[in-house]
Amino acid sequence: MSTPARKRVAVLVSGGGSNMAALIAAAADPAFPAEIVRVICNRPDAGALAKAAAAGVETVIIDHRSYSDRETFDAAVDAALVAAETDIVCLAGFMRLLTPGFVEKWRDRMINIHPSLLPSFKGLHTHARALEADVTLHGCTVHFVRAEMDMGPIIVQAAVPVIDGDTAETLAARVLAAEHRIYPQALAAVASGRAVVDGERVVHTGGGEPPAAFVWPPA
Ligand code: GRF
């Protein structure tokens, strides 16, 4: 039986690109069901660009400041995705709001990682807000993207303990380590067809264990 073709994935980034690097590292395994074909970045000075280039992944800079509105910027991103014959889009620290038309076009083919246990703490400064709220468990979520910010069917979550004395920075570092674990898990589940959207929830099918939420670091 022939091996199914690996899905072609483009990663959209704005910053340091550590999640992007985790996806590239996972996809270096030929058994991983997706390959990272292109990294698209809206900031010419983003650290992600050098990391992607060092890993041999093609980079494209689409500077949002060169576009008069969100529609024309999103059209340029869409053209770069289509040109790379993209099957799946991964947002990895991509700090631009996407227009509803763009999101709809990539519906159920675009996923995002967010540093909280959604639906808690949508938006920015999630770690400081989690500390402020005195929660004892925080974490991260990979979800399909919908037009409303940080909304959409959840694919995988990881729970991370809040530890006495945590600052936003120490908590962020613990969550980021969990992000690097679950983003490749979630992409593998989507790319292999084991995680599919049914209604507005994700169903894990096709045998094998669904990607499990876990507490990081393990006891
Ligand atoms: C991550 O915490 C991600 O969840 C959030 O932005 C951060 C990006 O970090 N959306 P990196 O660029 O992947 O290192």
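Residues numbered from 1 in each chain as written. Predicted model: local features only at pLDDT ≥ 70, side-chain atom pairs only at ≥ 80, totals over all residues. Heavy atoms only, no water.

Take the domain arrangement of the chain next. Domains assigned within the chain are domain 1 (1–106) and domain 2 (112–219). The centre of domain 1, based on its C-alpha atoms, is set 20 Å off from the matching centre of domain 2. Contact residues are listed per partner, giving 19 residues for domain 1 and 17 residues for domain 2. Across the domain 1 to domain 2 interface the summed buried area is about 1,400 Å²; carbon plus sulfur atoms make up 77%. If you sort the residues of domain 1 by the area they bury against domain 2, Asn19, Leu91 and Val103 come out on top, with a joint share of 32%. Our enumeration of links across domain 1 and domain 2 arrives at three residue pairs in polar contact (both at pLDDT 80 or more). Contributions of two or more residues to the side of domain 1 that touches domain 2 are made by strand E1 (7–13), helix H1 (18–27), strand E2 (34–41), strand E4 (88–91) and helix H4 (100–105). Across the side of domain 1 that touches domain 2, the residue classes break down as 16 nonpolar, two polar and one charged. (Domains from an automatic or database assignment. Contact = heavy atoms within 4.5 Å. Buried area = accessible area lost by both parts, 1.4 Å probe. Polar contact = N/O pair within 3.5 Å; in protein donor to acceptor, adjacent residues only side chain to side chain. Helix = DSSP H or I, 4+ residues; strand = E, 2+ residues; numbered from the N terminus. Nonpolar A, V, L, I, M, F, W, Y, C, P; charged D, E, K, R; others polar.)

The next subject is the side chain of His138. You can see His138 is positioned in strand E6 (residues 137–144). When its relative accessible area of 1% is taken as the criterion, His138 is described as buried. Only 2.9 Å separates the side chain of His138 from the side chain of His127, close enough to count as a polar contact. (Buried < 20%, exposed > 50% of the residue type's maximum accessible area, 1.4 Å probe, protein only.)

Bringing the environment of Ala178 into the picture now. Among the secondary structure elements, Ala178 is positioned in helix H6 (residues 168–191). With 63 residues separating them along the chain, Ala178 and Pro115 place their C-alpha atoms 9.4 Å apart.

A few words now on the layout of surface pockets. By volume, the largest pocket amounts to about 910 Å³. Lining of the largest pocket is provided by 36 residues; of these, Gly93, Phe94, Met95, Ile113 and Leu124 occupy positions nearest its centre. Broken down by secondary-structure element, the contributors of at least two residues to the lining of the largest pocket are H1, strand E5 (110–114), helix H5 (126–132) and H6. The element contributing the most residues to the lining of the largest pocket is H6, with four residues. Looking at side-chain class alone, the lining of the largest pocket contains 18 nonpolar, 13 polar and five charged residues. Both domains that furnish three or more residues to the lining of the largest pocket are identified here as domain 1 (1–106) and domain 2 (112–219). (1 Å grid on protein atoms, 1.4 Å probe; cavity = no way out; pocket = protein on both sides within 12 Å on 5 of 7 lines; lining within 4 Å. Points joined across faces, edges and corners; volume = space filled by probe spheres on them.)

Attention now goes to H6. Its 24 residues place the ends of H6 33 Å apart at the C-alpha level, agreeing with the 34 Å of an ideal helix rising 1.5 Å per residue. Looking at the residues trailing H6, positive phi occurs at Gly193, about 80°. (Expected span 1.5 Å × (residues − 1).)

Glancing now at the packing of aromatic side chains. As enumerated under the stated definition, the model contains two aromatic pairs in all. An angle of 70° between the planes, with centres 5.9 Å apart, marks the rings of Tyr67 and Phe73 as edge-to-face. When its relative accessible area of 31% is taken as the criterion, Tyr67 is described as partly exposed. For Phe73, a relative accessible area of 3% corresponds to the buried category. Taking the centre distance of 6.5 Å and the plane angle of 10° together, the rings of Phe73 and Phe94 count as stacked. Placement of Phe73 in helix H3 (residues 70–83) and of Phe94 in the loop between E4 and H4 is noted, with a sequence separation of 21 residues between them. In this structure, Arg96 is placed above the aromatic ring of Phe73, and the distance from its NZ or CZ to the ring centre is 5.9 Å. (Phe/Tyr/Trp six-rings, centres within 6.5 Å; stacked < 30°, edge-to-face > 60°. Lys NZ or Arg CZ within 6 Å of the ring centre and 35° of its normal.)

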